[in-house]
Every structure is written in structure tokens, then in C-alpha cells.
Amino acid sequence: MSVLVLILAVSAACCLGFGFVLQQNAAQRAPLNDFLSPRLLLDLVKVPRWLGGLALMVAGMVLGAVALGRGEISLVEPLLATNLLFALALSRRQTRQPLGRQGWLGLALLAGGVTSFILAGQPRAGSAVTDPLRHWLIIGTMVGAALLLTTCAKRSRLSWGPVLLAVAAGLLYGVQDALTRVSGQRFSAGGWAELFASWQPYGLLVIGVTGLILVQSAFETAPLRMSLPALTASEPLAGIACGVGFLGDRLRTDISALTWEAVGLAAIVTGIVLLGLHPAMPCGASVPEQKRKLQPR
């Protein structure tokens, strides 16, 4: 594993984790009638804290894109999942909650799961699949699942809605990571002309904005401990599916390796859930408080 890819991916995770906490702090004060509407973003741009969180998130995405350009998506995605560790660190500073047994266990499972998956799978580059049907089948499955989850979330806005939205956003962000890697390859091969002659950068923009609206709507209607674990768990799973499915990433497939890869992914998801449910994570505003008009801080 390249040390540079490791540094870039962990730096991206740090920016993403801090950015998510700042965004949720601001989004929880947004009016509920902006739920799943582009108006939500127009309201939030008036809040300096949200803009700071957005800037950190964009920085994380840029660092993640550079990491994806230098390493396999199946390697980078598990490292990006450690953003929850940095989110918890900032949340602990705000809430002054001790890490405790749950926090240490979640941290150990997340770190151990990432290590297990990478060491067992040994992600490496291969030949990308050229069949467009394979691309559209995998991307269509991810986008279709995200649309289905969003539709269900509308009907259960204040119960399971935020979790469903976060999973939907995670699926879209996994596809976004895959399209980022493809766009980077096209730019390296033929420059700006080659890049903008393909559909990937435009799809990247649409998916990015849609995912942002879903994430902010989830942050608006529920505490961070409900939404962030679902987002953090679903993104690497979707990204790895795209990497192995059509980007040519290769993982070891013998019985022992597959077993440890499955154990690693299960540990990652379990660690994410434990850390996301930690008392240090912000509880968010109550529903009546969320209905207030957004006030700039």
C-alpha cells in the first residue's frame, strides 16, 4: 500500500468527519418545509458554520479524489470510512463525553476491520470492464436503490427517514467516488477535451448535488448519531462494489481471503454503528426547535 495514498485518504477522512459535524450543527436548525428541497441549500449558505463544514467536506472530496487517482477504490474506500473517528473526536470536544468502553470497542472494530479487509483482500489494479452494460447495470442498481430509499424516507420523515436518506446518500457517494476515478483517468489520458466529451463529469455533478441535498435533509431531521453511521457504512460498500464490478479492482478470492474480507467489512460496519451511537455524538435539536426559521450564526 502506498504511503502517499494512505496519507491522502486519512487526511480526506479527517476533513470529511469534521465537515459533517459542522454541517449537522447548522442543518438541524433549518425549517422542515425545506426537507428534500434545493431550498435547503439556499438557506444553509447563509450560515457561516455550514459553509465552513462544506469547505471541509469539499477539501476531503478533493483529497479523496487524488487518493482515488493513485490507488484502487477498494483500498481508498475503507480508509475514508474512518471519517467517523474524526467526527467523534470533534463531537467529544463539544459534548465533553468520555470515550468509554463503547467508544474504544467501536474504534478497535473500525480500525481492525479496515486493516483486516486491506491485508486479506490486497486490493490491486486490473483491467477496467469496457462493456457499458456492466457499468449501467451496477450504477443503475445503486441509483435505483437510492431513489427507492428516498421515496420511503418521505413517508417516515421523522422516524426512520433520516437513516434511509443517509444510506441513499452513501450509495450515491460510492458511485460518485467511482465516477471521480473514471474522470481522473480520462483527464490523464486526453486532458480537458477528453474529460468533457464524456458523460462522467456531468453525472458526477448531478450525483454530488443530489447526495448533498439528501445528507443535509437527514442532518436536518435527526441527530448525527442516526444519520452519520448509515452514511459512513453504505459509501464504502457501494464504492467497493463499483471498483470490483467495473473499474477493474482485484481482490484475493481464495476461501481464507474472502472470509477475512467479510469479517473485516462486518467489523467496519459494526464499529461505525457503535461509534455513531456513542453518547458523544450530538443529540440534535428537538422537532419543534427544528421547525424554527434558520437563523444565521
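Quick caveat, the model's predicted, so the values are computed rather than measured. (Residues numbered from 1 in each chain as written. Predicted model: local features only at pLDDT ≥ 70, side-chain atom pairs only at ≥ 80, totals over all residues. Heavy atoms only, no water.)

Caption draft 1: Broad picture of a nonpolar patch on the surface. Residues Phe187, Trp192, Phe196 and Tyr202 make up a contiguous nonpolar surface patch of about 460 Å² in total accessible area. Ranked by the residues each element gives to the nonpolar patch, the list is headed by helix H8 (residues 161–196), at three residues. In this structure, Phe187 sits in helix H8. On the basis of relative accessible area, Phe187 is assigned to the partly exposed category, the value being 35%. (Patch = residues over 30% accessible without salt bridge, like charges linked within 9 Å, V, L, I, M, F, W, Y side chains within 5 Å. Areas by Shrake-Rupley, 256 points an atom, 1.4 Å probe, with all protein chains shown as cover. Salt bridge = Lys/Arg side-chain N within 4 Å of Asp/Glu carboxyl O. Helix = DSSP H or I, 4+ residues; strand = E, 2+ residues; numbered from the N terminus. Buried < 20%, exposed > 50% of the residue type's maximum accessible area, 1.4 Å probe, protein only.)

Caption draft 2: Broad picture of the packing of helix H7 (residues 132–155) against helix H10 (residues 224–245). It is at 10 Å that the axes of H7 and H10 come closest, and there the two elements cross at 170°. By the angle between their axes, H7 is roughly antiparallel relative to H10. Together, Arg134, Ile138 and Met142 of H7 and Ala238, Ala241, Cys242, Val244 and Gly245 of H10 make up the contact between the two elements. Among the residues making up the contact of H7 with H10, the classes are represented as six nonpolar, one polar and one charged. (Axes fitted to C-alpha atoms, helices over the stretch in contact; angles between N-to-C directions. Parallel < 35°, antiparallel > 145°, perpendicular 65-115°, else oblique. Contact = heavy atoms within 4.5 Å. Nonpolar A, V, L, I, M, F, W, Y, C, P; charged D, E, K, R; others polar.)

Caption draft 3: Region of interest: empty space enclosed by the protein. Inspection of the entire model under this criterion finds one cavity of 30 Å³ or more. In this structure, the largest cavity occupies an estimated 40 Å³ of space. Forming the walls of the largest cavity are Pro78, Ala233, Pro236, Leu237, Ile240, Leu265, Ile268 and Val269. By residue number, the principal contributor to the lining of the largest cavity is H10, which donates four residues. When its residues are assigned to classes, the lining of the largest cavity shows eight nonpolar, no polar and no charged. (1 Å grid on protein atoms, 1.4 Å probe; cavity = no way out; pocket = protein on both sides within 12 Å on 5 of 7 lines; lining within 4 Å. Points joined across faces, edges and corners; volume = space filled by probe spheres on them.)

Caption draft 4: View of the packing of helix H3 (residues 48–70) against H8. For the pair H3 and H8, the least separation of the axes is 9 Å and the interaxial angle reads 50°. Regarding the angle of H3 to H8, the classification is oblique. As for the relative orientation of H3 and H8, their crossing is right-handed in sense. Seen from H3, the contacting residues are Met57, Met61, Ala65 and Leu68; seen from H8, they are Tyr173, Gln176, Asp177, Thr180 and Arg181. Of the residues in the contact of H3 with H8, the class split is five nonpolar, two polar and two charged. (Left-handed = near helix turned anticlockwise from the far one by under 90°.)

Caption draft 5: Structural detail: the environment of Leu79. By the secondary structure assignment, Leu79 is in helix H4 (residues 73–80). For Leu79, a relative accessible area of 6% gives the class buried. Residues Leu79 and Ala111, spaced 32 residues apart in sequence, show a C-alpha to C-alpha distance of 9.0 Å.

Caption draft 6: Representation of the packing of aromatic side chains within the structure. Enumeration over the complete set of coordinates arrives at six aromatic pairs. Plain terms: the ring middles of Phe187 and Trp192 are 4.7 Å apart, the flat faces sit at 65° to each other, and that makes the pair edge-to-face. With a relative accessible area of 55%, Trp192 lands in the exposed category. Considering the side-chain rings of Trp192 and Phe196, the 5.7 Å spacing of their centres and the 10° angle between planes classify their relative orientation as stacked. (Phe/Tyr/Trp six-rings, centres within 6.5 Å; stacked < 30°, edge-to-face > 60°.)

Caption draft 7: Representation of the layout of surface pockets in the model. The volume enclosed by the largest pocket comes to roughly 490 Å³. Along the walls of the largest pocket sit 22 residues, with Met61, Gln176, Thr180, Leu204 and Gly208 positioned nearest its centre. Of all the elements in the fold, those that place two or more residues in the lining of the largest pocket are helix H1 (3–27), H3, H8 and helix H9 (200–221). Top contributing element to the lining of the largest pocket by residue count: H3, with nine residues. A breakdown of the residues in the lining of the largest pocket according to their chemical character gives 15 nonpolar, five polar and two charged. Considering only enclosed or pocket space, the second largest pocket measures out at about 250 Å³ in volume. Surrounding the second largest pocket, 15 residues form its lining, Val143, Leu147, Leu172, Ile207 and Thr210 being those nearest its centre. Of all the secondary structure elements, the ones that give two or more residues to the lining of the second largest pocket are H7, H8 and H9.

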